[in-house]
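Spelled out from the first residue to the last, the chains are:
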Amino acid sequence: MRLQTRIILLMIFFFLVFVLLGSGATRLLLGPMLLAAEEEVARVNLMRVASALQRESEHLAILINDWAHWDETYRFVQDRNRSFQVTSLSDVTLAKARLDLLLFINNQGEVIWARQRDHITGSELDLPRLPTSRWPANHPLLDFNDLQDIHAGILATRLGPLQIAAAPILTSMGHGPRQGTVILGRLLGSGEISRLVEQTRVNFQLWRAEDRPLPADALLLANHLDSGLAFPELRALHQSPEFSGILAGNASLGEPSFYRDPEYPRMLSVLAHYPDIYGEPSLLLEMRFPRLLQQLSERISLLVFTCLALVGALFSLAHLGIIRRLVTRPIARLQEHITEIHAGESLSARIHLQGSDELGQLAQAYNRMLERLEIDREKLVQTEAELRRSEKKFRALSIRDDLTGLYNARYLYQGLRRHFEKCAADGRPLALLFIDIDRFKQVVDKHGHILGSQAIREVAQTLASCLDKPAFAVAYGGDEYVVVLPGADRRAAMAKAEEMRARMAQTSYLTEHGADVRLTCSFGVASYPEDAKDLEGLLAIADSSLFYVKSRGRDGVA
């Protein structure tokens with residue numbers, strides 16, 4: 001890996017570490033704070049909703065006070081007059097007051113008049129907890145310690161939460177004796193809840209506790225508010241008179257729990273038990289709102305990450321430029337020069353690096369080394385040329401016969417086996433000729449050994465003149481020769497042997513030495529694959545064929 005690449009990779013690595021640590025630290029420090037603020041906002045919204053529900057109960061208490069402390073009502077419970085029912089208890093009147101329940105009960109618990117009807121749809125309601133015939137005299141809604149008391153709150157029914165108020169029936173002046181009890185009710189259906197949501201700007205729902213199971217504990221968020229509120233503005237709002245006591249330690253409203261919504265990760269669910277009119281936690285108040293502060297935390301982290309990335313990138317680019325100018329570019333020039341020399345270029349070129357730093361000193365030492373290498377290289381070239389000439393000469397001597405110039409017996413078996421295997425692989429024939437000069441001893445006895453050797457040389461030249469590559473001749477030893485004919489079958493080999501025998505019959509030997517010698521040869525022929533299937537068999541048949549010719553009188557081909 002190149003030095004510049006390694007430097008870039010290291011810079012990228014440290015750049016990523018810098019950015020990740022910076023953004024991680026921001027998220028680590030900012031995240032819990034914003035989460036705490038998010039929960040504080042949720043608590044304030046919870047108090048706002050609880051306060052709205054209390055105000056609705058107070059409004060219902062004001063409304064029931066008009067019905068209960070009224071002379072007309074006082075007389076109606078006594079005489080059940082029809083005119084009161086027509087003028088004051090009409091459906092129009094109840095609809096305008098948004099009432100779904102109206103009961104008049106005397107002191108004995110007998111229901112004088114009852115209406116349980118949805119004020120929007122007009123359909124009859126079935127509320128078993130609020131009987132329309134008779135009530136027990138000791139029912140909590142009928143029990144008043146003070147005649148000016150009013151019971152107001154929310155009752156959990158199977159049709160949903162019901163805002164309810166109960167007050168004793170007195171005269172318009174608020175005097176007794178008490179004639180019974182008036183009970184008003186308003187179902188907190190979707191319409192009423194929507195109206196309160198619009199007022200509070202908080203998305204909430206009120207359930208019967210038994211109808212709304214709590215989410216799994218795995219979805220529960222950790223509470224970051226154990227040490228109290230962290231923001232002064234929220235603390236002041238938390239302690240305002242409007243919300244005072246709603247979430248206090250002795251308040252009836254349960255401690256809120258915070259859950260994440262698995263279907264909508266960016267939504268927060270806050271649940272708290274809300275007391276019914278009897279003070280029991282039979283209602284469950286649920287709020288759902290977007291986790292804006294969490295999203296703000298993510299955006300701030302992203303912004304910090306982006307800023308750090310830009311600053312780090314600019315710093316890295318500037319740093320990289322300095323490194324390239326001072327380090328990597330001079331080293332690249334030096335490496336390029338070394339590569340050219342390694343590829344066989346001239347050693348005369350020099351590298352020029354300015355400066356007296358380590359790289360400049362390295363370049364000077366490198367140039368001095370090149371000068372010495374150039375001198376050594378010239379000497380080496382001369383030595384190698386001499387060695388190549390000697391090697392070529394020795395290689396030729398190792399496979400050539402000194403007397404004839406033909407290949408020697410050592411080369412025969414190497415070349416023959418190579419050509420044999422190639423012809424066998426290609427499916428081509430190969431022929432072999434064993435040749436022996438007839439009665440050569442007579443030539444030696446008559447002309448001496450020196451001219452005998454000259455005659456052997458001239459016969460070799462005659463045989464070689466009849467061959468074309470890849471065929472070749474071998475001086476096998478003394479007056480014997482071997483000819484290898486790759487690609488020739490037996491018929492072609494016989495023809496080539498006859499050609500050689502005829503050429504020798506036409507040639508006069510030792511003429512330059514004042515003699516006129518006529519020589520003949522015997523030829524033994526063997527071919528692959530006609531005569532033999534392997535190399536050993538081919539040699540044996542060629543040898544036996546030569547012996548056969550010599551036994552039949554010589555100067556022939558077989």
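Residues numbered from 1 in each chain as written. Predicted model: local features only at pLDDT ≥ 70, side-chain atom pairs only at ≥ 80, totals over all residues. Heavy atoms only, no water.

Trainee: Tell me about the overall build of the protein, residues and numbers included.
Mentor: Looking only at helices and strands, the protein features 12 helices and 15 strands. In terms of overall dimensions, the protein is more spread out than a globule: its C-alpha atoms have a radius of gyration of 61 Å, far above the 24 Å expected for 558 residues. Each principal axis of the C-alpha distribution contributes one length, and for the protein these read about 180 × 70 × 35 Å. Contacts in the protein between residues far apart in sequence, at least 24 positions, make up 66% of those at least 6 positions apart. Counting every atom, the protein has about 31000 Å² of accessible surface; 55% of that belongs to carbon and sulfur. When the 63 basic and 67 acidic side-chain charges of the protein are each reduced to a single mean position, those positions are 8 Å apart. (Helix = DSSP H or I, 4+ residues; strand = E, 2+ residues; numbered from the N terminus. Rg over C-alpha atoms; globule rule 2.2 N^0.38 Å. Contact = heavy atoms within 4.5 Å. Areas by Shrake-Rupley, 256 points an atom, 1.4 Å probe, with all protein chains shown as cover. Lys, Arg positive; Asp, Glu negative; His and termini not counted. Charge placed at Lys NZ, Arg CZ, Asp CG, Glu CD.)

Trainee: Please provide a residue-by-residue account of a nonpolar patch on the surface, values included.
Mentor: Side chains of Leu9, Ile12, Leu16, Leu20, Leu302 and Phe305 sit close together on the surface and give an oily, nonpolar patch of about 550 Å² of accessible area. Only α1 (3–68) and α7 (292–342) provide two or more residues apiece to the nonpolar patch. With four residues, the single largest contributor to the nonpolar patch is α1. As for its position among the elements, Ile12 is in helix α1. Given a relative accessible area of 42%, Ile12 falls into the partly exposed group. (Patch = residues over 30% accessible without salt bridge, like charges linked within 9 Å, V, L, I, M, F, W, Y side chains within 5 Å. Salt bridge = Lys/Arg side-chain N within 4 Å of Asp/Glu carboxyl O. Buried < 20%, exposed > 50% of the residue type's maximum accessible area, 1.4 Å probe, protein only.)

Trainee: Tell me about helix α12 (residues 535–551), residues and numbers included.
Mentor: Taking 1.5 Å of rise per residue, 17 residues should cover 24 Å, and α12 covers 25 Å from first to last C-alpha, within 8% of that figure. By the burial criterion, the buried members of α12 are Leu535, Gly537, Leu538, Leu539, Ala542, Ser545, Leu546 and Val549. Against the buried residues of α12 lie α9 (409–426), β10 (430–437) and β15 (521–528). A side-chain oxygen of the first residue of α12 lies 2.7 Å from the backbone nitrogen of Gly537; this N-cap is Asp534. Where α12 terminates, the next one or two residues include Gly553, which has phi positive at roughly 120°. (Expected span 1.5 Å × (residues − 1). Polar contact = N/O pair within 3.5 Å; in protein donor to acceptor, adjacent residues only side chain to side chain.)

Trainee: Describe the sheet that holds strand β2 (residues 111–116), and please don't skip the residues or the numbers.
Mentor: Strand order in this open sheet of five strands is β2-β1-β5-β4-β3, and the pairing throughout is antiparallel. Every other strand in the sheet has two partners, leaving β2 and β3 (151–157) as the edge strands with one partner each. Here the average twist between neighbouring strands, direction ignored, is 20°. Bridge count for strand β1 (residues 101–106) against strand β5 (residues 180–187) is six bridges, and the pairing is antiparallel. (Pairing = 2+ DSSP bridges. Axes fitted to C-alpha atoms, helices over the stretch in contact; angles between N-to-C directions.)

Trainee: Give me the lowdown on the pairing of β1, citing residues and values where you can.
Mentor: Buried residues dominate β1, accounting for six of its six residues. Neither face of β1 is left uncovered, since the one carrying Leu101, Leu103 and Ile105 and the one carrying Leu102, Phe104 and Asn106 both have all their residues buried.

Trainee: Any details on the pattern of salt bridges? Residues and values, ideally.
Mentor: Applying the stated criterion across every chain, the model contains 25 salt bridges. Across the pair Glu56 and Arg195 runs a salt bridge, and its minimum N-O distance is 2.9 Å. Separated by 139 residues along the polypeptide, Glu56 in helix α1 and Arg195 in helix α5 (residues 190–200) bring together distant segments of the chain. In this structure, Arg417 and Glu536 form a salt bridge, with 3.7 Å as the shortest nitrogen-oxygen distance. On the criterion of sequence distance, the pair formed by Arg417 in helix α9 and Glu536 in helix α12 is long-range, its members being 119 residues apart. Taken together, the shared-partner salt bridges in this structure form one network comprising Glu56, Arg98, Arg186, Glu192 and Arg195.

Trainee: Pulling in residues and values, what's your account of the packing of α9 against α12?
Mentor: Interhelical geometry of α9 versus α12 gives an angle of 120° and a closest axis separation of 11 Å. As for how α9 packs across α12, the hand of that crossing is right-handed. For the pair α9 and α12, the contacting residues are Tyr413, Leu416, Arg417 and Phe420 in the first and Leu535, Glu536, Leu538 and Leu539 in the second. Looking at the contact of α9 with α12, its residues break down into six nonpolar, no polar and two charged. (Left-handed = near helix turned anticlockwise from the far one by under 90°. Nonpolar A, V, L, I, M, F, W, Y, C, P; charged D, E, K, R; others polar.)

Trainee: Got a sec to walk through unusual backbone geometry? Specific residues and values, please.
Mentor: For the bond running from Gly176 to Pro177, omega is 5°, close enough to zero to count as cis. Assignment of secondary structure puts Pro177 in the loop between β4 (160–168) and β5. Here the amide bond leading from Lys469 into Pro470 is cis, since omega sits at 15°, within 30 degrees of zero. Within the fold, Pro470 resides in the loop between α10 (440–465) and β11 (472–477). Despite not being glycine, Arg439 shows a phi value in the positive range, around 50°. Position of Arg439 among the secondary structure elements: in the loop between β10 and α10. For Arg439, a relative accessible area of 44% puts it in the partly exposed group.

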